[in-house]
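# A look at the structure
Next come the chains, spelled out residue by residue.
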Amino acid sequence: MNKNDYIIRLETEKDYRESEELAREAFWNLSVPGCSEHYFIHLLRQHKAFLPQLDYVLEKDGKILALVMYSESELVDEKGNKKTVLTMGPLCVHPEYQRKSLGKMLLEYTFKLAVGMGYDTVINFGNPDNYVARGYKSCRKYNVCFEGDIYPSALLVKELKEGVFDGRKWYYYQNDADEPCNDEKAVAEYDALFPPKVKAWQPSQEEFYIHRHSVIGRE
Ligand SMILES: CC(C)(COP(=O)(O)OP(=O)(O)OC[C@H]1O[C@@H](n2cnc3c(N)ncnc32)[C@H](O)[C@@H]1OP(=O)(O)O)[C@@H](O)C(=O)NCCC(=O)NCCS
């Protein structure tokens, strides 16, 4: 595919439904039967941590094929110093166009914009396979952890410029934009606004469980 066939642009209000349909297609049955990411996107756009300046879609022939969103979260060191970082997500590509570098294009494009906006770190919780080629490293390498000194395997950190981390311990406090997604009834109500789709088990759900519950024990 030719890079020039694609337009990378800010999401607009007119795209909202199409973006949510895309997210629903991309995430359906991936980590749980069904998915909540279309609801999450809907909520995130209204959340105070959301960054509309980094809400990007990739389109071809007038069809949205991929999207990425970012929000702000916080790192706090042991002395209580705070640092604002970007939380990336969701990122998704239409299932028919996955593994063709669209996700890579969108990430690299928005990383550059983020640097221009003064951010130096991107963090997300996800499958490392999707991110290590983009320069993400294990949170353990940068001494970034959850409360309780937990270094999840899926907690991935990307320095947007070299040398951001100096070895001190940082606790990651992700914004709470996704909290309402734990409400299964609210997710089901939002999902009912979309065409019916069959929920089913698939192996990626087990893979997700393993990633979600794994931690890196020591360096
Ligand atoms: C994850 C996702 C966003 C990646 O976007 P994509 O356009 O499919 O992926 P890309 O082609 O840009 O490849 C990204 C990286 O994935 C890896 N990758 C690509 N093809 C792969 C394959 N067949 N098998 C394993 N890894 C592969 C590579 O590391 C690649 O980077 P590289 O090309 O620089 O080596 C996309 O597949 C998707 O939407 N998946 C469903 C939703 C999802 O999982 N979102 C992320 C939540 S954590």
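So, how was this worked out
Residues numbered from 1 in each chain as written. Predicted model: local features only at pLDDT ≥ 70, side-chain atom pairs only at ≥ 80, totals over all residues. Heavy atoms only, no water. Helix = DSSP H or I, 4+ residues; strand = E, 2+ residues; numbered from the N terminus. Rg over C-alpha atoms; globule rule 2.2 N^0.38 Å. Buried < 20%, exposed > 50% of the residue type's maximum accessible area, 1.4 Å probe, protein only. Contact = heavy atoms within 4.5 Å. Areas by Shrake-Rupley, 256 points an atom, 1.4 Å probe, with all protein chains shown as cover. Lys, Arg positive; Asp, Glu negative; His and termini not counted. Charge placed at Lys NZ, Arg CZ, Asp CG, Glu CD. Expected span 1.5 Å × (residues − 1). Near = heavy atom within 4 Å. Polar contact = N/O pair within 3.5 Å; in protein donor to acceptor, adjacent residues only side chain to side chain. Nonpolar A, V, L, I, M, F, W, Y, C, P; charged D, E, K, R; others polar.

### Things to note about the overall build of the chain
Helix and strand counts for the chain stand at 5 helices and 9 strands. Along the chain direction, N to C, the helices and strands of the chain fall in the order β-α-α-β-β-β-α-β-β-β-β-β-α-α. A compact globule built from 219 residues would reach a C-alpha radius of gyration of about 17 Å, and the chain, at 17 Å, matches this within 12%. Projected onto its principal axes, the C-alpha positions of the chain cover 50 × 40 × 30 Å. Taken across its 219 residues, the chain has 50% of its residues classed as buried. Of the contacts formed within the chain by residues at least 6 apart in sequence, a portion of 72% connects residues at least 24 apart. Surface summary for the chain: the accessible area is close to 11900 Å², and the carbon and sulfur share equals 49%. For the chain, the distance from the average site of its 29 positive side-chain charges to the average site of its 35 negative ones is 4 Å.

### Overview of the environment of V215
In this fold, V215 is placed in the segment after α5 (204-213). Between the alpha carbons of V215 and Q205 there is a distance of 18 Å; along the sequence they are 10 residues apart. In contact with V215, not counting residues within four places along its chain, are I150, Y151, P152 and S153.

### Thoughts on helix α3 (residues 102-116)
The terminal C-alpha atoms of α3 lie 22 Å apart, and with 15 residues this matches the ideal 21 Å at 1.5 Å per residue to within 8%. Those residues of α3 that sit buried are L102, G103, M105, L106, L107, T110, F111 and A114. On its buried side, α3 packs onto β1 (7-10), β2 (56-60), β3 (63-77), β4 (82-93), β5 (121-125) and β8 (155-159). Downstream of α3 by a residue or two, G118 has a phi angle that is positive, lying close to 100°.

### Notes on the environment of Q46
Looking at the secondary structure, you find Q46 in the loop between α2 (37-44) and β2. Spatially, the C-alpha atom of Q46 lies 20 Å from that of C35, the residues being 11 residues apart in sequence.

### Some words on the site of the ligand
Contacts to the ligand come from 19 residues, most closely from V93, R99, S101, G103 and R134. Here an oxygen atom of the ligand sits 3.2 Å away from a polar atom, N or O, in the main chain of K100. Between an oxygen atom of the ligand and a main-chain N or O atom of L102, the distance comes to 3.4 Å. Burial of the ligand by the surrounding chains reaches 71%, relative to a free accessible area of 930 Å². Of all the secondary structure elements, the ones that give two or more residues to the shell around the ligand are α1 (16-27), β4 and α3. Residue composition of the shell around the ligand, by class: 9 nonpolar, 5 polar and 5 charged.

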